[in-house]
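One letter stands for each residue in the lines below.
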Amino acid sequence: MKIYLNGKMVEKENARISVFDHGLLYGDGAFEGIRAYSGVVFKLNEHIDRLYETCHSLMINVGITKTQMVAAVVDTLKANGLRDGYIRLVVTRGDGDLGLDPRKCKAGPNIIIIADSITLYPQEFYEKGLTIVTVPTVRNHPEAINPQLKSLNYLNNIMAKIEANNAGVPEAIMLDGSGYVAECTGDNIFMVKNGVLKTPLQGRLRGITRDAVMALAEQKLKLAVQETLITRHELYNAEEVFLTGTAAELIPVVKIDGRSISNGEPGPVTLNLLKLFHEVTRKDGVGF
Ligand code: PXG
C-alpha cells in the first residue's frame, strides 16, 4: 500500500510521523473521509472545501492549493490501483513541542492521504434497517468545538460510540445541548413525516451525503425539505428515519430507544433515495 505523505508516495511501513506531532498530542488537525466509485471521487471538491474551512477555523495553513490537494487524492488512488475505495485525508498541525501552543509547530502541517478498500455495514442492515438508541453524551456545543469542524478531536463522538457499543447497537443518536436531535457519531439523521423530509438545523456536521440527499429529495422526488429543530418524540412518531454518511451512504433506521418507527420496516422514501443516491455517486465528482 502506498501512502501520500507530504508530497511523496511512500510505502505503508515508511509512512511515519513524529511523536511530537500535535495531531497525536492534542488531536490538533482536520480530516475527511471520502469515497471513490468506479473511477469517480464522489463530491471531491466539496470534501476539499470542507477540509480547508476546518483548517481555516483552526488557523492551520495547509500549504498546498485545493487544486494540488485534489490531484494528490487522485494520485493516491492511482498509486494503489483503486477505482473504488475509501480515502482518509488528514492534515495535522505538525511537529511542535510538549506545550499546546500551535505557534511552536513551525515546520507546518503533515498531510496524509490513505486510500483503502471500504468496510461497510452488513447488507442485512440496509434491507432490515438499524435499531439504534439515544445516548447520554451530548454533541459538542457550537461555541466549544463547533460540530461543523471535522477536526481530529473526535472524542465527543467516540464517547457516544462507546455508549452505543455498551447498548449493543451500531449507531447512537446524539442530542445537542438544548435537547434537540443533532446527529449520530459518524452520520447525519433524517426523518419523513406527511411528505416532508426533515433534518436537524443545528448541532451537526454539514454532511456531504446529507447535502446530496437533500438535493435529490427536492429535485427528483419533489419533496419539501426542511432543516429544523427535531425532538426525540418527533423521531419516534416519524413515518421513516434514515442516516446518511460517506461510509454508510443511506441506511434505514427502524427502531429508536425501543420504539418502532412506523411498521418497523424501511420505508419507500428511504429506498427511493438510496437508489437515486447510488446513481449520482458514479457521476457527481472528480473522474480519474
Ligand atoms: N456527522 C459526523 C459527526 C461525521 O463524522 C457525518 C456526519 C457524515 O458526513 P459525510 O460528509 O460523510 O456525509 C460524518 C462523517 C467512520 C467515519 O469511520 C465517519 C465519518 C467520516 C469518516 C469515517 O465512521 N463521518
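So, how was this worked out
- Residues numbered from 1 in each chain as written.
- Predicted model: local features only at pLDDT ≥ 70, side-chain atom pairs only at ≥ 80, totals over all residues.
- Heavy atoms only, no water.
- Helix = DSSP H or I, 4+ residues; strand = E, 2+ residues; numbered from the N terminus.
- Rg over C-alpha atoms; globule rule 2.2 N^0.38 Å.
- Contact = heavy atoms within 4.5 Å.
- Areas by Shrake-Rupley, 256 points an atom, 1.4 Å probe, with all protein chains shown as cover.
- Lys, Arg positive; Asp, Glu negative; His and termini not counted.
- Charge placed at Lys NZ, Arg CZ, Asp CG, Glu CD.
- Axes fitted to C-alpha atoms, helices over the stretch in contact; angles between N-to-C directions.
- Parallel < 35°, antiparallel > 145°, perpendicular 65-115°, else oblique.
- Left-handed = near helix turned anticlockwise from the far one by under 90°.
- Nonpolar A, V, L, I, M, F, W, Y, C, P; charged D, E, K, R; others polar.
- Domains from an automatic or database assignment.
- Buried area = accessible area lost by both parts, 1.4 Å probe.
- Near = heavy atom within 4 Å.
- Polar contact = N/O pair within 3.5 Å; in protein donor to acceptor, adjacent residues only side chain to side chain.

### Points about the overall build of the chain
Helix and strand content of the chain: 8 helices and 16 strands. Its C-alpha radius of gyration of 19 Å places the chain within 12% of the 19 Å reference for a compact globule of 288 residues. If one aligns the C-alpha atoms of the chain with their principal axes, the spans along those axes are about 55 × 40 × 30 Å. If you take every contact in the chain between residues at least 6 apart in sequence, the share linking residues at least 24 apart comes to 70%. Per element, the accessible surface of the chain, about 13600 Å² overall, is 53% carbon and sulfur. Averaging the locations of the 32 positively and 33 negatively charged side chains of the chain gives two centres separated by 2 Å.

### Observations concerning the packing of helix α2 (residues 44–58) against helix α3 (residues 66–79)
Relative to each other, α2 and α3 sit at 125 degrees, their axes nearing to 10 Å. Put simply, α2 runs oblique to α3. Crossing of α2 against α3: the hand is right-handed. Taken together, the residues of α3 that come into contact with α2 (itself represented by L44, N45, I48, D49, L51 and Y52) are K66, M69, V70, V73 and V74. A breakdown of the residues in the contact of α2 with α3 according to their chemical character gives 8 nonpolar, 1 polar and 2 charged.

### Considerations on the domain arrangement of the chain
Parsing the chain into structural domains produces domain 1 (2–116) and domain 2 (123–285). For domain 1 versus domain 2, the distance between C-alpha centres works out to 26 Å. The interface is formed by 27 residues belonging to domain 1 together with 22 residues belonging to domain 2. Summing the contributions of domain 1 and of domain 2, the shared interface buries around 2000 Å²; its carbon and sulfur component is 65%.

### Some details on the site of the ligand
Neighbouring residues of the ligand: 20 residues in total, closest Y154, E183, I208, T209 and T246. Between the ligand and the protein, one listed contact pairs a nitrogen atom with a backbone N or O atom of G186 at 3.3 Å. A distance of 2.6 Å is found between an oxygen atom of the ligand and a side-chain nitrogen or oxygen belonging to T209. In the complex, 83% of the free accessible area of the ligand, which totals 550 Å², lies under the protein chains. Of all the elements in the fold, those that place two or more residues in the shell around the ligand are β5 (85–92), α6 (208–219) and β13 (240–245).

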